[in-house]
Structures are given as C-alpha cells and as structure tokens.
Amino acid sequence: MPFQLVTLENDENRMPLVKAELNGIPVSLVVDTGASHTCIDRSAFKRCTASRPDTPSRLRRSVEEGMSDTVMGLGGRRLSHSFDTIDVLRFGELEVRSYRVVLVRLANINRMLRLIGKDPIDGLLGCDLLSQYNVRMDFGTMTMIFCR
C-alpha cells in the first residue's frame, strides 16, 4: 500500500499519510505509531456513516458518554473524545470490520493544515490497529506492507 509523507506542523514533523476508505468513502489517515488508539475525526465519522439508520442516536450517545475524557493529540493538544465502532475500514488490500475507534475533533489541526496549504486529515491510524499486523514501512519505495 502506498503512502506519502506529510508535514504536519513544521519541517521536522513529517508523518506517513495513507489513503483509505471508511464505509466506501475516501479518507486520509496519518500513520501514528505513537498514538495508542486509531482516531477518526467526528465530522469524518458522520460523513462516512450517514447512511446508517442509527448513526445520529449512536453518535449522540457515544459523544455524551465520552465528553469528559481527553487524549493527547498532535502537537500535545488535548482532545475530547468518545468511542464508536466503524463498519468497514479499507486501506490497500486490508479490510478491517467492526472496529472500535476513538472519535475526536480535528478541526483545529485541520485549520492549521489548510493555513500551510495542506489537505485536512480524517484521522490517525494508531498502534492499536497496527500492532495486530507485521507492518513493514519502506521509505525508499514509500509503501507499507501488512502481514498477519
């Protein structure tokens, strides 16, 4: 699976970015081995799960349950979060089904990315998911390989 390097905050903070699909809708995810959980932006989650009949109530319930919790985000920012389950996440040839993710607000990060001429991100591919596979990243060919 191909990836590209994206500069997130300054020239020293470059991270791999993969193109994926969440419920068949394209998303951009930063590969972050330092993130304990895979995180999806709340607005991206809504966009990608809009066709689910129970989405509004599920999202409302999960947001209410998790509002008091925080996680550390990019650049050491604190982000309020909640949990929900994604139906299908596909990247490369790998397909992950019914996976629990952290929902966060990435609006501030995405606003900063737009200011420096970068595309917004939809989430982070974290260590919880990556650690389930033998992942090889080749920066020479800019590819990732996932093996069980």
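Structure: above.
In what follows, the accompanying structure is described. (Residues numbered from 1 in each chain as written. Predicted model: local features only at pLDDT ≥ 70, side-chain atom pairs only at ≥ 80, totals over all residues. Heavy atoms only, no water.)

1. Examining the overall build of the chain
When its secondary structure is counted, the chain shows four helices and ten strands. The helix and strand sequence of the chain, counted from the amino end, reads β-β-β-β-α-α-β-β-β-α-β-α-β-β. Going through the 148 residues of the chain one by one, you find that 46% of them count as buried. As displayed, the chain offers around 8100 Å² of accessible surface, 49% of which is attributable to carbon and sulfur atoms. (Helix = DSSP H or I, 4+ residues; strand = E, 2+ residues; numbered from the N terminus. Buried < 20%, exposed > 50% of the residue type's maximum accessible area, 1.4 Å probe, protein only. Areas by Shrake-Rupley, 256 points an atom, 1.4 Å probe, with all protein chains shown as cover.)

2. So, the nonpolar core
One finds Leu89 and Phe91 to be the most contacted residues of the largest nonpolar core, which totals 26 residues. Sorting the residues of this core by element identifies strand E2 (14–22), strand E3 (25–31), helix H1 (42–49), strand E6 (78–91), strand E7 (94–104), helix H4 (127–130) and strand E10 (143–147) as the ones contributing at least two each. At five residues, E7 tops the list of elements feeding residues into this core. In contact with Phe91, not counting residues within four places along its chain, are Met1, Lys19, Ala20, Val96, Leu125, Leu129 and Phe146. Judged by nonpolar contacts, the second largest core, of 15 residues, contains Met15, Ala35, Val102 and Leu113. (Core = buried A, V, L, I, M, F, W, Y, C linked by side-chain atoms within 4.5 Å. Contact = heavy atoms within 4.5 Å.)

3. Thoughts on the packing of aromatic side chains
As enumerated under the stated definition, the model contains three aromatic pairs in all. Arranged with centres 5.3 Å apart and planes meeting at 75 degrees, the rings of Phe3 and Phe139 form a pair that is edge-to-face. Of the two residues, Phe3 sits in the segment before strand E1 (4–7) while Phe139 sits in the loop between strand E9 (134–138) and E10, which places them 136 residues apart along the sequence. Overall, the relative accessible area of 46% leaves Phe139 in the partly exposed class. Centroid distance Phe91 to Phe146: 5.1 Å. Interplanar angle 65 degrees. Geometry classified as edge-to-face. Here the residue Phe91 occupies a position in strand E6, and Phe146 occupies one in strand E10, the gap between them amounting to 55 residues. Exposure class is identical for Phe91 and Phe146. Each is buried. Taken together, the ring pairs connect Phe91, Tyr133 and Phe146 into an aromatic cluster. A cation over a ring is seen here: Arg100 above Phe83, with NZ or CZ 3.9 Å from the ring centre. (Phe/Tyr/Trp six-rings, centres within 6.5 Å; stacked < 30°, edge-to-face > 60°. Lys NZ or Arg CZ within 6 Å of the ring centre and 35° of its normal.)

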